[in-house]
Every structure is written in structure tokens, then in C-alpha cells.
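Close look at the chain arrangement
This is what each chain is made of:
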2 protein chains.
Amino acid sequence: MSGSRKRIAVDMDEVMADAVAEFLRRYERDFNEQVSDEALRGRRLWEAVRSDRHDTMLGYLQTEDFFSVLNVMPESQRVLRALQEKYEVFIATAAMEVPTSFTAKYEWLGEHFPFIPSSHIVFCGDKSIIRADYLIDDNPRQFLRFEGEGILYNAHHNVNVTGYRRVHDWLDVEKMFLG
Amino acid sequence: MSGSRKRIAVDMDEVMADAVAEFLRRYERDFNEQVSDEALRGRRLWEAVRSDRHDTMLGYLQTEDFFSVLNVMPESQRVLRALQEKYEVFIATAAMEVPTSFTAKYEWLGEHFPFIPSSHIVFCGDKSIIRADYLIDDNPRQFLRFEGEGILYNAHHNVNVTGYRRVHDWLDVEKMFLG
């Protein structure tokens, strides 16, 4: 990378924003049924529920408010602000997969992470387009052609994935990058 | 770059989409005055018009339809399709500067460039985040920290800029990349 500071790209869903919790909240509301941690372990949400419910769940993503109401992952605000002191921080989210999410995602970032300039927000699809030294992401597929180091953010669906340094929460991120 | 094919990132406004023409059309409608080519030469649009009209012009960008109605630059569709045969093509637009443009830009690409997969569309701000071998852009500021080669797409405001290979239209792009 050019410049003296290394660059960290950070995924949004499941890393900064707790999308799965909102999915499960709506699922339990609509089907009156809980999805157990055991059922989710090592699986995508879609693999853990009945396939005749997928359409309803895909519908959640299309609602205008889904990405607006997501909770912020604990400590992510404090740690990201600290990372900005030593690194160049970019947000890189695969928003192209859900085009209806653009505005909600942009506004969510402005509300919860106002210290991240919009020039450092990226809506993309294939993250191999991202030029950064590190990419913190829960989706290991995004690391396959990424040319920096992929740091796997722990999530129910990736517990069995190996080959990457793993962080379990933002305190782990802080330890890894800020000693 | 990994993989065998080189990667070309392509800017939208003034490269694929004729935004200046639409600006001038609205300006002439509202102020009953033409902006001459001479006034635009070597200048940004903002520098070529009276400053008390800037607010009105900024308002154009906020209208829902501005980015929907832009004309496609001549030959860009045919040449981009041909480039895809030999290169990885990504679209990289500084949409973060105009957040109201997200949906219109996305739909415009789908309408006029349906052969470009959404996974290869990037809405960003600072294009130094783009990992590509080439960036075709009319804005030389975007080349300063870009690590590939910046190819300057000719525009009224950049005629005096030197230091980059320049293309005047999509036939020039075709010659440069497809011989």
C-alpha cells in the first residue's frame, strides 16, 4: 500500500451490524418458532430453516427498515474510532446483493459511525475489488481473491472454517491491531 | 493482479453517462442562458457560472430523476462489452458524494449496461480503495493515490491536465485496450 498507514477494510453485516439477530427476531415473530444456536452452528441461516420459509425471509431484506434498525456490534464504535488513529479505515459492504438497502445502510452508518467519512464507504459486490491490507469479514468467500489478509469475524455459519486468523468480537480486533 | 486477466475500472459520470449535457440542459432552461464551450474549457462547471446559481445547480443532483435520464456516451456499450471478453471490467463511481443518486445510478446501469453483473459495480468515494490495473476516469484527482494506471477520459474541465494517457472517446478506449 502507498502511504505510511496500513489500510483496514471492514464488512458491515455481522461485523458492525447485527443482522442475524434481526432476522431471527422477525422469524420468531412470523413463525412462532425459535432457531436454536445448535441449528445455526456451521450453517447459513437459509440452511437452518425450512425452505418453504425462505421467501418470507428474503422479504425481510426488501423491507425499507430492515437495515435501519440493526443493533451495533458491541464495542465496534469505540474500537473503529481507535483504529482510525493508526490505520486508514474503509467500510466495504456487499450492498449490491440487496440494492434496496443502499439508503438505509448509508444512513445507519451516518447515525452510528458519524466519524467515518462517506469517502471511506464502499458499496460493492465482489470484494476482490477492494485494495486494502486487511479485510475483516464474516464471509470467507470474500477472501478467495482478496489480495490482502482476510481476518475472519466469527459468526455461527463460519465456525468450521479454517485458514484465516479469527476474531470473536471487537475486543479481539482491538488486541490484534492495537496490541 | 491475481488471475490472468487484467482489470479495468471505469468511472460513470462523464465517461459512461453524459452528466454535463443534462446539467447544461437544465441550466439553460432555468436561466435562459447558454454556457459556451469556451467558458467551460479547462474549468469545472461550477467555475464557469455565476456563484449565486450554484445552489440551483446543486439542486439538480438531488432530484430523483437526474441520474436516470442521462444519455449513454457514444459507443460505450459496444466497447465495454468487447472489453469484457479480454479484461475484468468493474464500474467504480463516486456515488457517496451524492447519496440520493444510489438507486438511480444502479437502475441506469441495469437499463443501459445489463451485461455488467451487479457484483462488478462499486459505489465509493475515494477511489484509491479500488484494486485494478487501470482506472478510466475524467477526474485526475482520483489518480493521485490509485495504484494502477489512471487513464484520463477527456472532459472540458481536464483539457489542461498532463501526466496521464488520455482517451477522447470510446473509440480511443477500444484502440488502447483492444488494439
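Attention here is on the structure that accompanies the text. All values reported here derive from a predicted model rather than from experimental measurement.

**Focus: helix α5 (residues 76-86) of chain A**
Residue and element names in this part refer to chain A. Residues of α5 that are buried: Ser76, Val79, Leu80 and Leu83. Burial along α5 is one-sided: seen end-on, the buried residues are contained in an arc of 100°. Contacts from the buried residues of α5 go to β1 (7-10), β2 (88-93) and α7 (170-178).

**Focus: the relation of the copies chain B and chain A**
Between chain B and chain A, which share one sequence, the superposing operator has a rotation angle of 180° and an axial displacement of 0.0 Å; the RMSD is 0.0 Å. The transformation relating the two chain copies, once decomposed into turn and shift, fits a two-fold axis. Looking at the interface residues of chain B, 100% of them are also at the interface in chain A, so both copies use one shared face.

**What to know about the interface of chain B and chain A**
Contacts between the two partners involve 27 residues from chain B, matched on the other side by 27 residues from chain A. Taken together, the connections running from chain B to chain A amount to four salt bridges. With a closest N to O distance of 2.9 Å, Glu88 of chain B and Arg145 of chain A form a salt bridge. Counting the contacts that link chain B with chain A gives 15 residue pairs in polar contact (both at pLDDT 80 or more).

**Looking at the environment of Leu178 of chain A**
Residues and elements named next belong to chain A. By the element assignment, Leu178 lies in helix α7. Among the residues examined, Leu178 registers a relative accessible area of 25% and is labelled partly exposed. Residues Leu178 and Val79, spaced 99 residues apart in sequence, show a C-alpha to C-alpha distance of 9.2 Å.

**Some remarks on the side chain of Lys127 of chain A**
Residues and elements named next belong to chain A. Within the secondary structure, Lys127 sits in the loop between β3 (121-123) and β4 (134-137). A distance of 2.9 Å separates a polar atom in the side chain of Lys127 from the backbone oxygen of Ala92. Other than its neighbours up to four places away in sequence, Lys127 contacts Asp11, Ala92, Thr93, Ala94, Leu135, Asp137, Gln142 and Phe146.

**Side note on the packing of helix α6 (residues 102-112) of chain A against helix α6 (residues 102-112) of chain B**
Each pair of packed helices can be described by the angle between their axes along with the distance between the axes. Relative to each other, α6 of chain A and α6 of chain B sit at 145°, their axes nearing to 9 Å. Judged by residue contacts, Phe102, Thr103 and Tyr106 of chain A of α6 of chain A engage Phe102, Thr103 and Tyr106 of chain B from α6 of chain B. Here the residues of the contact of α6 of chain A with α6 of chain B sort into four nonpolar, two polar and no charged.

**Things to note about the pattern of salt bridges**
One pass over the full model with this rule turns up 36 salt bridges over all chains. One salt bridge in this structure joins Arg145 of chain A and Asp126 of chain A, with 2.7 Å as the shortest N-O distance. Of this pair, Arg145 of chain A sits in the loop between β4 and β5 (149-153) while Asp126 of chain A sits in the loop between β3 and β4; the two residues are 19 residues apart in sequence, bridging distant segments of the chain. Given a relative accessible area of 17%, Asp126 of chain A falls into the buried group. Between Glu75 of chain B and Arg78 of chain B there is a salt bridge, and its shortest N-O distance comes to 2.8 Å. Among the residues examined, Glu75 of chain B registers a relative accessible area of 37% and is labelled partly exposed. According to the relative accessible area criterion, Arg78 of chain B is partly exposed, its value standing at 40%. One salt-bridge network, in which partners are shared between bridges, spans Arg7 and Glu88 of chain A together with Asp126 and Arg145 of chain B.

**Observations regarding the packing of helix α1 (residues 19-31) of chain A against helix α4 (residues 54-62) of chain A**
Residues and elements named next belong to chain A. In contact at an axis separation of 11 Å, α1 and α4 are set at 130° when each is read in the N-to-C sense. The angle between α1 and α4 falls in the class oblique. Here α1 and α4 pass one another in a crossing that is right-handed. For the pair formed by α1 and α4, the contact residues are Phe23, Arg26, Tyr27, Arg29, Asp30 and Phe31 on the first element and Thr56, Met57, Tyr60 and Leu61 on the second.

Cut-offs used in this document
- Residues numbered from 1 in each chain as written.
- Chains lettered and ligands numbered in written order.
- Predicted model: local features only at pLDDT ≥ 70, side-chain atom pairs only at ≥ 80, totals over all residues.
- Heavy atoms only, no water.
- Buried < 20%, exposed > 50% of the residue type's maximum accessible area, 1.4 Å probe, protein only.
- Helix = DSSP H or I, 4+ residues; strand = E, 2+ residues; numbered from the N terminus.
- Arc of directions from axis to C-beta.
- Contact = heavy atoms within 4.5 Å.
- Least-squares fit on C-alpha atoms with pLDDT ≥ 70 in both.
- Salt bridge = Lys/Arg side-chain N within 4 Å of Asp/Glu carboxyl O.
- Polar contact = N/O pair within 3.5 Å; in protein donor to acceptor, adjacent residues only side chain to side chain.
- Axes fitted to C-alpha atoms, helices over the stretch in contact; angles between N-to-C directions.
- Nonpolar A, V, L, I, M, F, W, Y, C, P; charged D, E, K, R; others polar.
- Parallel < 35°, antiparallel > 145°, perpendicular 65-115°, else oblique.
- Left-handed = near helix turned anticlockwise from the far one by under 90°.

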